[in-house]
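Read off the chains here:
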Amino acid sequence: MSDQDYEKLARQAAEARRQKALKEGAQGQAQTEISPEKQAAIKAAQRRMAIAKAEQRRRAAEMSGMSNAALTALLEAEAMAAIEGRSLSPVPDGPWTRYADDSGQQTGMVGQTMSGVNEGIAGILGAPVDLMTGAINMGKQGVNALAGTDFKPIESPVGGSGTFRDLLAPTISEVEPQNAAERFGRRVGMEVGAMAVPGGIMLRGAKAPLAVAGGEAASAVGSGIAGQTSREIAPENDTADFIASLAGGLSPVAASRAMRPSPKAPTLEELQAQSSAGYDAVRESGATLSPQSADALAGSIEGTFGTRPATRRMNPKAAIAAEELAGDMRQRPPTIAEVDEARQWIGDNVAGSNEAGERRLGVMMKDAIDSHLDQLQPGDVTGTNRASEVVEALTGAREKARRVYKSQLFEAEDTGLVAKGLRRAATTGTGGNEINAIRQNVRRVLENPKLRRGFSETELQAMRDIADGTPTQNALRLIGRLAPTSGALSLGGFTGAAGAAGATGNPLFIAPGIAGQTAKYLGERNTRKKIAALGELIRNGKPLPKKTASALESRVIAALLAQKALMPSVGAEGDQSAVVRALSGAVAQ
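Residues numbered from 1 in each chain as written. Predicted model: local features only at pLDDT ≥ 70, side-chain atom pairs only at ≥ 80, totals over all residues. Heavy atoms only, no water.

### What to know about the overall build of the protein chain
The cut-off we apply is this: Helix and strand assignments follow DSSP, with helices taken as H or I runs no shorter than four residues and strands as E runs no shorter than two, numbered in order from the N terminus. Relative accessibility under 20% of the residue-type maximum defines a buried residue, over 50% an exposed one, and the middle range a partly exposed one, all with a 1.4 Å probe and only protein chains included. Residue contacts are counted whenever heavy atoms from the two residues lie within 4.5 Å of one another. Each accessible area is a Shrake-Rupley result for a 1.4 Å probe, and residues are judged covered by the shown protein chains and nothing else.
Helix and strand counts for the protein chain come out as 26 helices and 4 strands. The buried share among the 589 residues of the protein chain stands at 36%. Long-range contacts, defined as pairs at least 24 residues apart, comprise 70% of the intrachain contacts of the protein chain with a sequence gap of at least 6. Carbon and sulfur atoms provide 58% of the accessible area of the protein chain, an area that totals close to 32900 Å².

In structure tokens, the structure reads:
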């Protein structure tokens, strides 16, 4: 058959469809009442769709060499098929095989989902051109507004989402979803397809690409479910759809973050083990102080006595210890391990003296050794070819030992200040002054220069927050005095109130006691949480980092945001991405 024969057949088929559509339209009008406004809106939408379709087919015809007559017949046949609510699909052979009637085509969950996937891919692939077109059109509108010109906007740009949708048209069903399940399937498919490009970019360089891909897929599914749920509730609300789909896409990330454990400070046992390991490494290295470093340390120890000879005569034990230590160091430079042992010996025999003067000098000698070791440099060490590693191990071991000491001051099981406070609260009266007891013990550290030495300003501030309390904590503490467990007086009052409530049947008599008990519980829990936070701060040596998004979660978030910015909307403005709509809105304003 020639092209003229095919054209004749197409026109005959189109005329038959027109007559059938007019007949069915007349019958349907008698059965269904549609307002004039809605009829006008439907006709306008159909007109816009027909114009866009005609332009697309015209470009396709030019590329394929189709004659004008054949193109005219094709468009007329498609228009008549659209009146009947049908689409055109393949038949066995001939130049019109792609456009035969498929009114009997059925829809299904798989078909709708895959159609959505391909729609999403088409939209995201054409997004760059759509964005550029939106920017150019925005510029044209601005020039038109300023100069009074009449530059026409670019419509259906080549390379935009419309182009890719045409290329994928055989894989995209024109039949609308027939039920809620199919609507959800198609929307989820669109989100998954639109995630393909930004998601693929985020996979580059990822340490765990499969995990990132899984996170992106979960994000796309969550976005589709939430977005379509919004559409089911508010079909015309694009803003609600965007917010819901964004929140749904972030929900897997939020779940992943919630399941991931927060940063933890090392335990006391871990710190002790790490400190011991560091000291062992220093001891095994056999590193010694250089003669210059040993002489400087000996001078620092002797310098604690000042220039008055009487100081030595009045504190003979401390003077003998300093003289012997300094002499030994100058005669034979000690190993670093021996210096640390000398420090412990001074603590036991001089700083631990019952005499105040001896004790003070012993503390000063220990401080002199601490200062020297803290400032030790690789050049001050001999006897090893790993001086830098030895100094690093020593510094780490000493710093962890300090954390152990400070932690034990508060958290030791029986001798820590917290344990002492709780024990005193439990054995005083009715055991209701737990908050006061803990606060008093923390205040002891703040007010004692010796105890507070070595704590950082951040740690001291955390102690002040516990000792002084916040307005909320103090209010809970005040109301907590009404609790039956806060003292004998309040217990007696609650007992009387309970009797009155039983006699009268009015539960309001016991309301103050219940409120007080609740406030007391909340106040004690809050104080314990702050004590626990202080312990973690001390054991970690610095504030714990906040739990932030992992590298995997960051990649999923980036892919989702890119997808949301570029993906065409599902609503009435389905050919525009969020960025394009924002550009258009800015110009309109």
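There is more to say, and it comes next.
### Some words on the packing of helix 19 (residues 434-447) against helix 22 (residues 471-479)
Using the following cut-off: Convention adopted: a line fitted to C-alpha atoms gives each axis, helices being fitted over their contacting stretch, and angles between N-to-C directions are expressed from 0 to 180 degrees. Here roughly perpendicular refers to angles of 65 to 115 degrees, roughly parallel to angles under 35, roughly antiparallel to angles over 145, and oblique to all remaining angles. Here the term charged refers only to Asp, Glu, Lys and Arg, the term nonpolar to Ala, Val, Leu, Ile, Met, Phe, Trp, Tyr, Cys and Pro, and the term polar to all other amino acids, Gly among them.
At their nearest, the axes of helix 19 and helix 22 sit 11 Å apart, and the two run at 135° to each other. Classified by the angle between their axes, helix 19 and helix 22 sit oblique to one another. Contacts from I435, N436 and R439 of helix 19 reach helix 22 at Q473, N474 and R477. Within the contact of helix 19 with helix 22, the residues separate by chemical class into 1 nonpolar, 3 polar and 2 charged.

### Quick notes on helix 5 (residues 127-147)
Selection criterion: Multiplying one less than the number of residues by 1.5 Å gives the expected span of a helix. Read the arc as the range of directions from the helix axis to the C-beta atoms.
Compared with the 30 Å implied by 1.5 Å per residue over 21 residues, the 30 Å span of helix 5 between its first and last C-alpha is a close match. Taken together, the buried positions of helix 5 are occupied by A127, D130, T133, G134, N137 and N144. An end-on view of helix 5 places all buried positions within 115° of arc, on one side of the element. For helix 5, the exposed residues set more than 90 degrees away from the buried face come down to M132, L146 and A147.

### Some details on a positive patch on the surface
Stated precisely, the cut-off is as follows: For patch building, the residue pool is restricted to those with more than 30% relative accessible area and no salt bridge; the joining distance is 9 Å between like charges and 5 Å between nonpolar side chains (Val, Leu, Ile, Met, Phe, Trp, Tyr). In what follows, salt bridge is the name for a side-chain nitrogen of Lys or Arg lying within 4 Å of a carboxyl oxygen of Asp or Glu. Charged residues are defined narrowly, with Lys and Arg counted positive, Asp and Glu counted negative, and His plus the chain ends left uncounted. Every charge is mapped to an atom, namely NZ of Lys, CZ of Arg, CG of Asp or CD of Glu.
A contiguous patch of positive charge, built from K420, R423, R424 and R444, is present on the exposed surface. Considering each element in turn, the positive patch owes the most residues, 3 residues, to helix 18 (residues 417-426). In this structure, R424 sits in helix 18. Using a relative accessible area of 32% as the deciding quantity, one classes R424 as partly exposed.

### Remarks on the packing of aromatic side chains
How we decide: Only rings of Phe, Tyr and Trp enter the pairing, Trp through its six-membered ring, and a pair is recorded when the two centres are within 6.5 Å. The plane angle decides the type: under 30 degrees is stacked, over 60 is edge-to-face, the rest tilted. A ring is considered to have a charge above it if a Lys NZ or an Arg CZ atom is located within 6 Å of its centre and within 35 degrees of its normal.
Counted by the stated rule, this structure contains 1 aromatic pair. The ring of F305 carries the charged tip of R312 above its face, separated from the ring centre by 4.8 Å.

### A closer look at a nonpolar patch on the surface
A surface patch of nonpolar side chains, amounting to about 300 Å² of accessible area, comprises M109, V110 and M114. With respect to the secondary-structure elements, V110 resides in helix 4 (residues 109-125).

### Considerations on the side chain of T311
Relative to the helices and strands, T311 resides in helix 13 (residues 309-314). Ignoring sequence-local partners within four residues, the contact set of T311 consists of F305 and L361.

### What about the packing of helix 10 (residues 238-259) against helix 25 (residues 551-566)?
At a minimum axis separation of 10 Å, helix 10 and helix 25 run at an interaxial angle of 175°. Here helix 10 lies roughly antiparallel to helix 25, going by the angle between them. In this structure, helix 10 contributes F242, S245, L246, G249, L250, V253, S256 and R257 to the contact, and helix 25 contributes E553, V556, I557, L560, L561 and K564. Here the contact of helix 10 with helix 25 is composed, by residue class, of 8 nonpolar, 3 polar and 3 charged.

### Some words on the pattern of salt bridges
It is possible for side chains of opposite charge to pair when their charged atoms get near one another. Here the structure, examined in full by the defined rule, presents 24 salt bridges. Notably, a salt bridge pairs R187 with E191, separated by 3.0 Å at the nearest N-O pair. Of this pair, R187 and E191 both sit in helix 7 (residues 180-194), 4 residues apart, which is roughly one turn of the helix. There is no split in this pair, since R187 and E191 are both buried. A salt bridge links D370 to R398; the shortest N-O distance between them is 3.0 Å. Of this pair, D370 sits in helix 16 (residues 356-374) while R398 is found in helix 17 (residues 387-411), placing the two residues 28 residues apart along the sequence. Accessibility assignment for this pair places D370 and R398 in one class, buried. Taken together, the shared-partner salt bridges in this structure form one network comprising R187, E191, R231, D238, D241 and K564.

### A word on the confidence of the model for the protein chain
Note the threshold: The pLDDT value expresses, per residue, how confident the predictor is, ranging between 0 and 100.
Overall, the predicted model of the protein chain reaches an average pLDDT of 78, with 77% of residues at or above 70. Scored below 50 in pLDDT, residues 81-106 shows 48 contacts in the model against residues more than four places distant or in partner chains.

### Considerations on the environment of G469
The residue G469 is located in the loop between helix 21 (457-468) and helix 22 in this model. Taking the C-alpha atoms as reference points, G469 and I435, separated by 34 residues in sequence, lie 9.9 Å from one another. Residues in contact with G469, not counting those within four places in the same chain, are R439, R464 and N474.

### What about the environment of L566?
On the secondary structure map, L566 appears in helix 25. Look at L566 and you get partly exposed, because its relative accessible area is 23%. It is 9.6 Å that separates the C-alpha atoms of L566 and P198, two residues lying 368 residues apart in sequence.

### A word on helix 25
Taking 1.5 Å of rise per residue, 16 residues should cover 22 Å, and helix 25 covers 23 Å from first to last C-alpha, within 8% of that figure. Taken residue by residue, helix 25 has E553, V556, A559, L560, Q563 and K564 as its buried positions. The buried residues of helix 25 occupy an angular sector of 130° when projected down its axis, which confines them to one face.

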